[in-house]
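Chain and residue survey
Spelled out, the chains give:
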Amino acid sequence: MKDLPHARESAASTPPAIALRDVSKVFELETGETLTAVSDLSLTIEPGEFVCVLGPSGHGKSTLLNLVAGFLEPDAGSVEAHGDPVKGPGPDRGVIFQRDTLFLWKRVRDNIEYGMKVRGVPKAERTAKADELMEAVGLTKFASSWPRQLSGGMRRRAAIAAVFANEPPVLLMDEPFVGLDYARRAVLHDVVTSLWSRENNTIFFVTHDIDEALALATRVLVVANGSVVYDVSVDLPRPRGTDTLNGPEALEIRKSILRHLDEAMAVEEERFTPAG
Amino acid sequence: MSTTAASAGGTAPGRRALRRASVTGAYAIAGALTVIVAWALLARAVGNPTQLPAPGAVIAAIQANWHTIPAVQYVLFRPLGVAAAVSYTAVNVMVGVALGTVLGIVLGLILARNRLVRELFEGPLLLLTTTPLLILLPFITLWFGTDRIAQSMLVIVFTMTTVTFATKNAAIAVAGHYANYAACLGASAAQTLRDVVFPAALPATIANVRVALALGWGLQAVAELLGGRSGIGRVIEITARQQATTDLFAVVLAMLVVALAVDTAVAGLGAVLTRWKED
Amino acid sequence: MSSQAMTNTRSMATSAPARPRAAKRKPRRKTKDRPLMVALSVLATLLIWNAASLLAGVSPITGDRLVPGTLDVIRSFPNLAYYAPGSPDALLASSGAGTSVGAALKSLLYHTGVSALRLAIGLVAGIAIACLAAVLISWNRTIRRAFMLPAQAFRMLPLLALAPLFGIWFGSGQTGTYAYLAFATFAVMFPVAVSAIDHVPGYYTNYARSLGAGSARIYLSVVVPAALPGLRPGVLLSVAFGWSMVLAVEYISQGNGLGFIVSRAQEFSQINTLAVMGCILVIYGRFSYVAAARGFDRLVRWQE
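Keep in mind the model is a prediction, meaning the values are calculated, not measured.

Calculation rules
Residues numbered from 1 in each chain as written. Chains lettered and ligands numbered in written order. Predicted model: local features only at pLDDT ≥ 70, side-chain atom pairs only at ≥ 80, totals over all residues. Heavy atoms only, no water. Helix = DSSP H or I, 4+ residues; strand = E, 2+ residues; numbered from the N terminus. Buried < 20%, exposed > 50% of the residue type's maximum accessible area, 1.4 Å probe, protein only. Contact = heavy atoms within 4.5 Å. Areas by Shrake-Rupley, 256 points an atom, 1.4 Å probe, with all protein chains shown as cover. Phe/Tyr/Trp six-rings, centres within 6.5 Å; stacked < 30°, edge-to-face > 60°. Buried area = accessible area lost by both parts, 1.4 Å probe. Salt bridge = Lys/Arg side-chain N within 4 Å of Asp/Glu carboxyl O. Polar contact = N/O pair within 3.5 Å; in protein donor to acceptor, adjacent residues only side chain to side chain. Nonpolar A, V, L, I, M, F, W, Y, C, P; charged D, E, K, R; others polar. Core = buried A, V, L, I, M, F, W, Y, C linked by side-chain atoms within 4.5 Å. 1 Å grid on protein atoms, 1.4 Å probe; cavity = no way out; pocket = protein on both sides within 12 Å on 5 of 7 lines; lining within 4 Å. Points joined across faces, edges and corners; volume = space filled by probe spheres on them. pLDDT = per-residue confidence, 0-100. Pairing = 2+ DSSP bridges. Patch = residues over 30% accessible without salt bridge, like charges linked within 9 Å, V, L, I, M, F, W, Y side chains within 5 Å. Lys, Arg positive; Asp, Glu negative; His and termini not counted. Charge placed at Lys NZ, Arg CZ, Asp CG, Glu CD. Axes fitted to C-alpha atoms, helices over the stretch in contact; angles between N-to-C directions.

1. Here's the deal with the overall build of chain B
Counting its secondary structure elements, chain B contains eleven helices and zero strands. Secondary structure elements of chain B, listed N to C terminal, follow the sequence α-α-α-α-α-α-α-α-α-α-α. Across the 279 residues of chain B, 49% fall into the buried class. For chain B, the proportion of contacts with a sequence separation of at least 24, taken over those separated by at least 6, is 71%. When the accessible surface of chain B is totalled, it reaches about 12,000 Å², and 69% of it is carbon and sulfur.

The structure is reproduced here in structure tokens:
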């Protein structure tokens with residue numbers, strides 16, 4: 001897990017990037033049932049980690065992300081980022097959503113600069129940072145295009161650049177590459193990992209794709225029935241090509257992840273409490 | 001029609017848009033000609049200009065009545081021409097729509113962003129959208145007299161209510177989508193309103209401004225007809241009373257041409273303002 | 001329409017995180033404080049209305065309040081009895097003698113019936129003709145596109161002010177009134193119907209063609225029904241505008257109907273009676289709009 005030098009150094013001196021203590025979140029459903037999306041969950045993520053969260057749909061992955069982002073408040077327990085309690089969303093925790101959030105009425109460059117602009121970053125600095133990021137995600141030629149003129153994969157790259165441009169120490173990604181084909185995903189994985197190693201930030205990445213988790217993460221969590229049921233560090237060398245991802249070490253991790261996912265499905269029904 | 005994938009920054013889209021516009025224009029001219037021919041044939045069949053004047057006669061009447069309409073002067077004891085009547089109405093409609101649009105955008109954004117205001121005043125405002133606006137006219141005359149601004153009041157109210165709810169609905173529909181994102185980037189409430197909610201609602205706002213503009217001519221004309229001093233409504237009322245059908249048609253046709261020109265201008269402005277829009 | 005959009009987004013915000021298996025398990029909306037808010041809303045409106053009434057002052061001519069208050073409206077309701085058919089003179093209404101709520105109700109009912117009949121005939125005829133015309137000119141895409149501009153221009157006619165023209169054509173009888181209302185509804189409805197057909201997605205026809213249907217058959221059995229939901233804004237606009245048109249034609253040339261009452265009340269400066277009519281028309285407008293929306297949604301309930 002602590003294979004990155006910067007992660008080890010900062011862990012000793014600074015508070016954790018994300019810390020959840022005994023967090024619970026319950027939803028009331030229209031049917032009158034209640035659903036415990038997150039129950040008594042504790043979790044610490046150190047600065048510089050790339051954490052992928054796996055788990056069945058509706059078992060609390062996204063709720064977890066929304067709690068950290070500040071879109072939801074916990075019913076019990078505490079959520080902290082960089083040692084401070086989370087009070088709503090903020091620029092210290094960037095979010096890349098599953099749904100496209102590029103502003104359709106701003107050109108690619110203006111989208112990428114928007115976060116810096118609202119935080120009052122000077123124009124010259126903004127331009128330089130945007131140039132750098134467009135270069136990194138391969139969109140330099142499309143700086144003055146409207147989002148509608150981009151393909152699906154290019155839009156995702158622009159969305160990633162827009163959030164990275166804001167230099168958030170923590171980055172939350174909610175199934176960001178759903179619906180893209182294999183080749184486009186591979187490109188985006190390279191984009192994200194290279195930006196991550198350069199920016200030295202912490203990434204919390206929700207996905208339902210084990211291969212994606214293994215390709216990206218330094219640490220994989222399996223969340224099921226509102227708790228972390230499995231927590232494993234992934235020490236595979238980078239870049240992670242096909243050979244690495246099909247090597248014995250990777251297969252071993254994959255097997256144990258699958259086992260925990262299977263166990264989770266077996267007890268799924270228990271989480272619903274009938275009304276009354 | 002346009003390619004969605006990577007073809008950024010080319011000059012082809014511009015040319016293609018131009019070609020599309022000229023094709024639309026050709027269709028429009030063909031359609032207008034068809035209607036005029038049908039009208040001419042019908043007028044010949046009727047054979048009575050008091051019932052239905054021919055297109056040629058109406059166009060000639062626009063020219064002849066440009067500075068003063070004899071049938072109207074006979075009643076008003078002062079000259080009132082097609083040019084003056086149409087421009088009076090047109091200015092009132094445009095000023096009314098402009099004022100109503102500004103009020104509507106402001107109100108719509110307030111309703112979208114402030115839950116308390118929405119809960120308290122959305123209901124009453126919604127009632128106003130379905131109220132037969134004509135009933136406001138006696139009150140407007142009573143409270144504001146027959147000034148120009150009073151004459152545009154119906155247009156103002158209609159535009160305002162239409163635009164308010166279009167803006168509010170669009171703003172709420174996009175707010176959930178974009179507002180979280182903007183908050184994560186560190187945008188303040190005011191910045192979110194200006195940079196996110198307002199532009200996102202703009203296409204719906206403009207579409208409804210055009211509806212208000214189209215129906216605004218009728219609202220303005222009826223206000224003039226039921227107690228104005230000038231404008232096409234006044235001319236319609238006087239010419240109808242004297243069975244001067246050709247003069248009536250002339251002023252309506254002239255107004256229609258102006259209305260189409262104004263609508264085209266607003267549509268063009270809207271297309272430029274929302275050129276980022278997906279097809 | 002708008003409250004629907006409101007609840008949509010509200011549930012979107014809460015349901016996104018917890019999307020367990022089936023879509024029916026949506027988190028419940030907050031409905032507890034709803035009646036309280038409605039009551040507060042009514043209260044706030046009444047307060048603002050009556051505050052305006054007190055601030056606006058009194059007419060120097062009639063001595064009535066320039067903005068009649070809620071109580072003025074309630075007290076003036078019996079005045080409507082003076083407008084009953086065969087009633088001597090509306091002038092008496094300003095003195096306010098010898099009226100009863102029952103007689104007023106009867107009078108209101110009569111004029112409402114007259115106006116509602118005009119509205120119904122105008123709407124049905126106008127919408128039917130508009131749809132028929134749209135179907136006729138729309139079978140060919142070129143013809144349809146060519147008619148877009150005339151259709152738009154039709155809507156820009158000063159419709160509310162055209163009643164006198166129909167007076168020239170048909171005299172001041174009922175025929176002219178119906179023809180005017182049908183024409184005005186047609187003008188509002190026609191562009192909507194044409195564009196509804198224009199916006200039917202191409203995959204409908206492709207699918208029908210893949211099933212082996214001929215083009216006339218596809219047009220009538222696939223394109224026309226698929227365009228139906230697109231008529232909604234036009235129908236609702238027609239209803240909302242229809243009332244104003246009925247009022248306009250009655251105001252100008254008819255001896256009965258709600259617009260006639262408004263015209264007489266204005267003529268005799270009966271501010272309070274005008275306010276009564278205002279309140280009644282607010283209710284009628286809302287009621288008919290909601291009824292039309294419900295009815296239309298029922299008609300196209302197969303829609304997603």
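2. Considerations on the packing of aromatic side chains
Scanning the model with the defined rule gives 24 aromatic pairs over all chains in all. A ring pair is formed by C:Phe166 and C:Tyr180, whose centres lie 5.6 Å apart and whose planes are at 65°; its orientation type is edge-to-face. Of this pair, C:Phe166 sits in helix H6 (residues 163-170) while C:Tyr180 sits in helix H7 (residues 174-198), placing them 14 residues apart in sequence. Classification of C:Tyr180 by relative accessible area gives buried; the value is 0%. Members of the aromatic cluster, joined through ring pairs, are B:Trp39, B:Phe249, C:Phe154, C:Phe166, C:Trp169, C:Phe170, C:Tyr180, C:Phe183, C:Phe186 and C:Phe190.

3. Section: the interface of chain B and chain C
Between chain B and chain C, the residue contacts involve 60 residues of the former and 56 residues of the latter. Summing the contributions of chain B and of chain C, the shared interface buries around 5,200 Å²; its carbon and sulfur component is 76%. On inspection of chain B and its partner chain C, the count reaches zero salt bridges. Scanning the region where chain B abuts chain C turns up five residue pairs in polar contact (both at pLDDT 80 or more). Taken together, the elements giving at least two residues each to the side of chain B that touches chain C come down to helix H1 (12-46), helix H5 (115-130), helix H6 (136-144), helix H8 (153-185), helix H9 (189-225), helix H10 (231-241) and helix H11 (245-273) of chain B. The element best represented in the side of chain B that touches chain C is H5(B), accounting for twelve residues. For the side of chain B that touches chain C, the per-class residue count stands at 42 nonpolar, twelve polar and six charged.

4. Here's the deal with the nonpolar core
By size, the foremost hydrophobic cluster in this structure holds 114 residues, and its most contacted members are B:Leu154, B:Ile236, C:Leu80, C:Tyr180 and C:Met245. Tallying contributions element by element places H9(B) first for this core, with 13 residues. If we skip the residues at most four places from it in the chain, C:Tyr180 touches C:Leu159, C:Leu160, C:Leu162, C:Ala163, C:Phe166, C:Met245 and C:Val249.

5. Topic: empty space enclosed by the protein
If you walk through the whole model with that rule in mind, you get two cavities of 30 Å³ or more. Contributing to the lining of the largest cavity are B:Leu134, B:Ile135, B:Pro138, C:Leu247, C:Tyr251, C:Gly259 and C:Val262. For the lining of the largest cavity, the elements supplying multiple residues, two or more each, are helix H10 (232-253) and helix H11 (258-267) of chain C. For the lining of the largest cavity, the per-class residue count stands at six nonpolar, one polar and no charged.

6. Concerning the confidence of the model for chain C
Residues and elements named next belong to chain C. Summarising the model, chain C shows a mean pLDDT of 81, and 84% of its residues fall at 70 or more. Confidence, expressed as mean pLDDT per element, reaches its minimum in chain C at helix H1 (residues 2-15) with 32 and its maximum at helix H12 (residues 271-299) with 93. Predicted confidence is poor over residues 1-29, with pLDDT under 50, and the contacts of this stretch with residues over four places away or in other chains come to 54 contacts. The model gives residues 93-97 a pLDDT under 50, and that stretch makes seven contacts with residues more than four places away or in other chains.

7. Quick look at the pairing of strand S3 (residues 50-54) of chain A
All names here are of chain A. Within S3, five of the five residues are buried, which leaves it mostly tucked inside the rest of the structure. By the alternation rule, side chains of S3 split into Phe 50, Cys 52 and Leu 54 and Val 51 and Val 53, which are all buried. As judged from the four bridges shared by S3 and strand S8 (residues 202-206), these two strands associate in the parallel manner. Within the sheet, the bridge partner assigned to Val 53 lies in S8 and is Val 206. With four bridges joining them, S3 and strand S9 (residues 219-224) adopt parallel strand pairing.

8. Considerations on the side chain of B:Thr192
All names here are of chain B. Residue position: Thr 192 is located in helix H9. Its relative accessible area of 5% is what places Thr 192 among the buried residues. Among all residues touching Thr 192, those that are not within four sequence positions of it are Arg 113, Ala 179, Ala 182, Ala 187 and Val 197.

9. A look at a positive patch on the surface
Residues and elements named next belong to chain B. A cluster of basic residues, Arg 15, Arg 16, Arg 19 and Arg 20, forms a positive patch on the protein surface. Here Arg 16 is to be found in helix H1. Residue classification places Arg 16 among the partly exposed positions, given a relative accessible area of 31%.

10. A look at the side chain of C:Asp72
Among the secondary structure elements, C:Asp72 is positioned in helix H3 (residues 70-76). With near-sequence residues (within four places) excluded, C:Asp72 lies in contact with C:Arg65 and C:Asn272.

11. Describing the sheet that holds strand S10 (residues 227-233) of chain A
Residues and elements named next belong to chain A. The six strands are arranged S6-S7-S8-S3-S9-S10 in an open sheet whose pairing can be described as mixed. Lying at the two open borders of the sheet, with one neighbouring strand each, are strand S6 (93-96) and S10. The average undirected angle you get between the axes of adjacent strands in this sheet is 20°. Strands S3, strand S7 (170-174) and S8 of the sheet are contacted by helix H6 (residues 182-199), whose axis makes an angle of about 140° with S3. The strands touched by helix H9 (residues 248-266) are S3, S9 and S10; relative to S10, the strand with the most contacts, the crossing angle is about 175°.

12. Some remarks on unusual backbone geometry
The omega torsion across A:Arg238 and A:Pro239 is -5°, close enough to zero to call that bond cis. Among the structural elements, A:Pro239 can be located in the loop between S10 and helix H8 (242-245). One non-glycine residue, C:Ser269, lies in positive phi territory at about 55°. Within the element layout of this structure, C:Ser269 appears in the loop between H11 and H12.

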